Amino acid sequence: LGAALGRAQLARLPEMQRRRRINASTLADRLADVVTTPVTRSGVEHAWHQFTVRVPSDRDGLAARLAAEGCASAAFYRTPAHRYPFVASRSVLKETPVVDRLAKEALSLPVHPLMSGEEVQGVAEKVRRLARP
């Protein structure tokens, strides 16, 4: 059943990807001066499964303020992979200050293809208003 549903959804994939690109572009344009937005290389087509920005100060506070206004966000991957006990016991990576800092700054904003342009603009407006330097 799951495979049948997934196969039927494949016909919608190009349109869904197009909407994600538009939504990500809108967020990047509106937020570049407030948070660090994702960078894509020329010639590479990003899937925009997530739109993850860097919030250098008070990432969790921003997420809480967004949630209070009904705007979803998520701090995925709070713990870098090499910090999990199983990996850490086998890893040569011990001191990784850049990775540790980035894990504390990453916040994913909604970018899904069912969002309207107005909803994307609303997310951007809330981030702009609620982000604190």
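Structure first, text after, so check above.
About the criteria used
Residues numbered from 1 in each chain as written. Predicted model: local features only at pLDDT ≥ 70, side-chain atom pairs only at ≥ 80, totals over all residues. Heavy atoms only, no water. Helix = DSSP H or I, 4+ residues; strand = E, 2+ residues; numbered from the N terminus. Buried < 20%, exposed > 50% of the residue type's maximum accessible area, 1.4 Å probe, protein only. Contact = heavy atoms within 4.5 Å. Lys, Arg positive; Asp, Glu negative; His and termini not counted. Charge placed at Lys NZ, Arg CZ, Asp CG, Glu CD. Pairing = 2+ DSSP bridges. Axes fitted to C-alpha atoms, helices over the stretch in contact; angles between N-to-C directions. Parallel < 35°, antiparallel > 145°, perpendicular 65-115°, else oblique. Left-handed = near helix turned anticlockwise from the far one by under 90°. Nonpolar A, V, L, I, M, F, W, Y, C, P; charged D, E, K, R; others polar. Polar contact = N/O pair within 3.5 Å; in protein donor to acceptor, adjacent residues only side chain to side chain. Patch = residues over 30% accessible without salt bridge, like charges linked within 9 Å, V, L, I, M, F, W, Y side chains within 5 Å. Areas by Shrake-Rupley, 256 points an atom, 1.4 Å probe, with all protein chains shown as cover. Salt bridge = Lys/Arg side-chain N within 4 Å of Asp/Glu carboxyl O. Expected span 1.5 Å × (residues − 1). Arc of directions from axis to C-beta.

A. Quick peek at the overall build of the protein chain. Within the protein chain, the secondary structure is distributed over 6 helices and 2 strands. Walking the protein chain from its N terminus toward its C terminus, one meets helices and strands in the order α-α-β-α-α-α-β-α. Along the first, second and third principal axes, the C-alpha atoms of the protein chain reach 45 × 40 × 35 Å. Counting over 133 residues, the protein chain shows a buried share of 32%. The long-range share in the protein chain, meaning contacts at least 24 apart out of those at least 6 apart in sequence, stands at 71%. Across the protein chain, the 21 positively charged side chains and the 13 negatively charged ones have centroids separated by 5 Å.

B. Molecular detail of the pairing of strand β2 (residues 106-109). Where burial is concerned, the two faces of β2 agree: the one with A106 and S108 and the one with L107 and L109 are both buried. In this sheet, β2 lies alongside strand β1 (residues 51-54) in antiparallel orientation, the contact comprising 4 bridges. What sits directly across from T52, in β2, is S108.

C. Spotlight on the packing of helix α2 (residues 13-31) against helix α6 (residues 117-130). Taken N-terminus to C-terminus, the directions of α2 and α6 make an angle of 30 degrees; their axes are 10 Å apart at the nearest point. Relative to α6, the element α2 lies roughly parallel. With respect to the hand of their crossing, α2 and α6 are arranged in right-handed fashion. Side by side, α2 and α6 meet where R19, N23, T26, L27, R30 and L31 of the first sit next to G117, V120, Q121, V123, A124, V127 and R128 of the second. Residues belonging to the contact of α2 with α6 are distributed by class as follows: 6 nonpolar, 4 polar and 3 charged.

D. Examining the side chain of E105 more closely. Among the secondary structure elements, E105 is positioned in helix α5 (residues 97-105). Here R54 takes part through its side chain, which lies 2.9 Å from a polar atom of the side chain of E105. Sequence-distant contacts of E105, that is, excluding residues within four places in its chain, are made with V53, R54, V55, P56 and R59.

E. Molecular detail of a nonpolar patch on the surface. A contiguous nonpolar surface patch, about 320 Å² in accessible area, is contributed by Y84, F86 and V87. Tracing the backbone shows F86 in helix α4 (residues 85-88).

F. Up close: α2. For α2, which comprises 19 residues, the first-to-last C-alpha distance of 26 Å matches the rise-based estimate of 27 Å (1.5 Å per residue) to within 8%. Those residues of α2 lying buried are R19, R20, N23, A24, T26, L27 and L31. Looking down the long axis of α2, one finds its buried residues gathered within 160 degrees of arc, a one-sided arrangement. Exposed and oriented more than 90 degrees from the buried face of α2 are P14 and D29. On its buried side, α2 packs onto β1, β2 and α6.

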